[in-house]
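This is what each chain is made of:
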Amino acid sequence: MNKERFLEKLTIRLQVLDEKEKQDILDEYALHIDMKVAEGLSEEEAIQDFGDFEELVADILEAYHVNPKFCTPSKVRKKEWKSLDMSKMKEEGKEACSKAGGFLKRSMKALQKHGKHAYTKIRGFFHQLKNKMKMMCHREQKEKLNDSQDSKRMKGFGQSCKRTFAGVMRGCWNAVCLLTAIVFFVLTAIIVLCFGVLLVWQIQGYPLAGVTLGCLGAILIFGTPAVRLLYFRKKRNQHSGLIFSGIFVFGILFVGLGTGIALKEYASFEYTGIHTIGNADMMMRGEATFESFPEGEEKYMLHCFADEIEVIEDASVPEKTVKYEIRYNQDYVDVMINDMSADGYVCIAPASKAGTGFYDFMRCKDEILKDFKHKRIGTYKTVGIEKVKCRVNPKTAEELYVEKSW
Amino acid sequence: MNAQFKKGVLELIVLESVRNKDMYGYELVQEVSKVIDVNEGTIYPLLKRLTNEKYFETYLRESTEGPPRKYYHLTAAGILYRDTLETEWDEFQTRVCRFLKERSL
């Protein structure tokens, strides 16, 4: 083996290593061979001094903490083939062809043997079926048949039908088992996922002990049949049956305990009423002067979409005028004023900002989780326009109709 | 010499060889071969392992006779490890010698 071939073989056998590391060690060997050659040795002699190639490869792989068993020649043979010289390829080709030929020969023999057997069976079955049909169609002929022969044939046909029916039933049963196992397996996987999440939350201090325990029980309940159907269906023994039954019963017990604990936990929750989330810390002021009543009405109309409206009579305000102060949450809404005071109508309404759905959700989520952790629950709402304060002249106060929505 | 014996002391010999002077792979192989007859190929994986375990540091140095050579330098951890191995070796060979002497009397 010359240097080039040696390095080529080594490259193939060390392909499990990182490219840089592999090149590093190959460089070492290449340099070593070069220096030996410079001293007057041939490449072959230099390589012989490395000892057994397989041992060398094993030593190198061990140095990288790689198990040499996983880089055996058979595992890298496919790539190695490409780099073999023609004579070796020819030899290995012959060997492989011989093996493949032997395998094909054995396969053909087996196929011939089993095929013949199957063919005989199928032919017998159809033959019996044909006779049966004949018998059914020609009852008169059937009567002439020898009683013993008839009974014998019928018996054979009956057994064949029985075997076919048993095979079909077995197939159906296997399919049902497999489908059930898959469904149970998927369910178990989902519950395991939930269990993991709940466990983390439970550790964080949320009152989820009951639900987590129930989840564990559900894993045992669904997981046991899945494992039994998938792996132990054909390996039944008394002990495995007992173990699986025990695990299943424990699963039910855990679900029961979990439900009890959860009910106890959640029944003790305290209701804390309505929580307004967010701060109405922005103020807007304005005024509107009415000129005529709206069509068909006898009062001016102020329509407010707010949690609270306050009307104050103030002599300093001009007649037929409304001065308003709006307190609102600027993070959540913009205030939209539809001033049609010339026609006797003013509307103050919140306009949701873009993305406030997420704002709403996040603010409520924080509040809900905080309360949940402390075993409390309430009703949560985000404040938009908190309050509208209106000032009107006492003389024209009677002419104003304030309508509140929400 | 028994292959297992060689394997056992190879690390100590390699570490000792590099203690006083940084060496490149081939030089180190020659040095070790003076002490024990060992397959030259097996020393490189050992060097690699000792380097991975931080007992050696390596650096490249230009050579007038060919490509740059990778030199091995013994680290502080390598010195400690070498000392440990030497102590163990001394104790081991003393015990074995004593045992053999006792038996031969």
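These numbers come from a predicted model, not from an experiment. (Residues numbered from 1 in each chain as written. Chains lettered and ligands numbered in written order. Predicted model: local features only at pLDDT ≥ 70, side-chain atom pairs only at ≥ 80, totals over all residues. Heavy atoms only, no water.)

Chemist: Quick rundown of the nonpolar core? Include the residues and the values.
Modeler: Soluble globular proteins tend to bury their nonpolar side chains together. Counting residues in hydrophobic clusters, the biggest one holds 48 residues, and the most contacted among them are Phe 6, Leu 10, Tyr 29 and Ile 60 of chain A together with Val 14 and Phe 56 of chain B. Residues contacting Phe 6 of chain A, with those up to four places away along its chain left out, are Met 1, Tyr 29, Ile 33, Ile 47, Phe 50, Phe 53 and Leu 56 of chain A. (Core = buried A, V, L, I, M, F, W, Y, C linked by side-chain atoms within 4.5 Å. Buried < 20%, exposed > 50% of the residue type's maximum accessible area, 1.4 Å probe, protein only. Contact = heavy atoms within 4.5 Å.)

Chemist: I'd like a description of the sheet that holds strand S10 (residues 400-405) of chain A, backed by residues and values.
Modeler: Residues and elements named next belong to chain A. In spatial order, the strands read S6-S7-S3-S10; together these four strands make up an open sheet with mixed pairing. A strand with exactly one partner marks an edge of an open sheet, and here the two such strands are strand S6 (333-340) and S10. Ignoring which end each strand starts from, the neighbouring axes of this sheet average 15° apart. (Pairing = 2+ DSSP bridges. Helix = DSSP H or I, 4+ residues; strand = E, 2+ residues; numbered from the N terminus. Axes fitted to C-alpha atoms, helices over the stretch in contact; angles between N-to-C directions.)

Chemist: Quick rundown of the interface of chain A and chain B? Include the residues and the values.
Modeler: Each partner contributes residues to the interface: chain A has 19 residues there, and chain B has 19 residues. Roughly 1,700 Å² of surface becomes buried between chain A and chain B when both sides are summed, with 56% attributable to carbon and sulfur atoms. When the area that chain A buries against chain B is broken down by residue, the three leading residues are Glu 28, His 32 and Met 35 of chain A, summing to 30%. On inspection of chain A and its partner chain B, the count reaches five salt bridges. Among the ionic pairs, Glu 28 of chain A bridges to Lys 70 of chain B, the shortest N-O distance being 3.7 Å. (Buried area = accessible area lost by both parts, 1.4 Å probe. Salt bridge = Lys/Arg side-chain N within 4 Å of Asp/Glu carboxyl O.)

Chemist: Just give me the short version of the side chain of Lys 36 of chain A, but keep the residues and values in it.
Modeler: Within the element layout of this structure, Lys 36 of chain A appears in helix H2 (residues 19-38). The residues contacting Lys 36 of chain A, other than those within four sequence positions of it, are Leu 41, Ala 46 and Asp 49 of chain A together with Tyr 26, Gln 30 and Glu 40 of chain B.

Chemist: Pulling in residues and values, what's your account of the packing of helix H1 (residues 3-19) of chain B against helix H2 (residues 25-35) of chain B?
Modeler: All names here are of chain B. As a packed pair, H1 and H2 sit with axes 10 Å apart at the nearest point and diverge in direction by 125°. By the angle class used here, H1 and H2 are oblique. Both H1 and H2 take part in a crossing whose hand is right-handed. Across from Leu 10, Ile 13, Val 14, Ser 17 and Val 18 in H1, the residues of H2 making contact are Leu 28, Glu 31, Val 32 and Val 35. Along the lines of polarity and charge, the residues of the contact of H1 with H2 split into seven nonpolar, one polar and one charged. (Parallel < 35°, antiparallel > 145°, perpendicular 65-115°, else oblique. Left-handed = near helix turned anticlockwise from the far one by under 90°. Nonpolar A, V, L, I, M, F, W, Y, C, P; charged D, E, K, R; others polar.)

Chemist: Please give an account of the packing of aromatic side chains that cites residues and values.
Modeler: By convention here, two paired aromatic rings are described through the distance between centres and the angle between planes. Scanning all chains against the criterion turns up 19 aromatic pairs over all chains. When the ring of Phe 269 of chain A is compared with that of Phe 372 of chain A, the centres are 5.5 Å apart and the planes differ by 65°; the resulting orientation is edge-to-face. With Phe 269 of chain A in the loop between helix H10 (238-267) and strand S1 (270-277) and Phe 372 of chain A in helix H11 (residues 356-373), this residue pair connects regions lying 103 residues apart in the sequence. In this pair, the class of Phe 269 of chain A matches that of Phe 372 of chain A, namely buried. On the basis of an interplanar angle of 70° and a centroid distance of 5.4 Å, the ring pair of Tyr 24 of chain B and Tyr 71 of chain B is categorised as edge-to-face. Of this pair, Tyr 24 of chain B sits in strand S1 (residues 23-24) while Tyr 71 of chain B sits in strand S3 (residues 66-74), and the two are 47 residues apart along the sequence. For Tyr 24 of chain B, a relative accessible area of 10% corresponds to the buried category. (Phe/Tyr/Trp six-rings, centres within 6.5 Å; stacked < 30°, edge-to-face > 60°.)

Chemist: I'd like to hear about the sheet that holds S1 of chain B, residue by residue, with values.
Modeler: Strands sit in the order S1-S3-S2 (chain B) across an open sheet of three strands; the sheet is antiparallel. Of all strands in the sheet, those with a lone pairing partner are S1 and strand S2 (56-63) of chain B, marking the two edges. As defined by bridge partners, S1 of chain B adjoins S3 of chain B across two bridges and the pair is classed as antiparallel. Its bridge partner lying in S3 of chain B, Met 23 of chain B is registered against Tyr 72 of chain B. With respect to the sheet, H2 of chain A is in contact with S1 and S3 of chain B, its orientation differing from that of S3 of chain B by roughly 115°. With respect to the sheet, helix H3 (residues 43-52) of chain B is in contact with S2 and S3 of chain B, its orientation differing from that of S2 of chain B by roughly 120°.

Chemist: How would you explain unusual backbone geometry if you had to name every residue and give the values?
Modeler: Most peptide bonds take the trans configuration, and most residues that are not glycine carry a negative phi. Of note in the backbone geometry, Lys 375 of chain A takes a positive phi value of approximately 55° without being a glycine. Of note, Lys 54 of chain B is a non-glycine position whose phi angle comes to about 70°, a positive value. By the secondary structure assignment, Lys 54 of chain B is in the loop between H3 and S2. Among the residues examined, Lys 54 of chain B registers a relative accessible area of 61% and is labelled exposed.

Chemist: Tell me what's going on with a negative patch on the surface, and back it up with residues and numbers.
Modeler: Residue and element names in this part refer to chain A. Taken together, the side chains of Glu 4, Glu 43, Glu 44 and Glu 45 present a region of like negative charge at the surface. In terms of residue count, the dominant contributor to the negative patch is helix H3 (residues 43-48) (three residues). Among the secondary structure elements, Glu 43 is positioned in helix H3. (Patch = residues over 30% accessible without salt bridge, like charges linked within 9 Å, V, L, I, M, F, W, Y side chains within 5 Å. Areas by Shrake-Rupley, 256 points an atom, 1.4 Å probe, with all protein chains shown as cover. Lys, Arg positive; Asp, Glu negative; His and termini not counted. Charge placed at Lys NZ, Arg CZ, Asp CG, Glu CD.)

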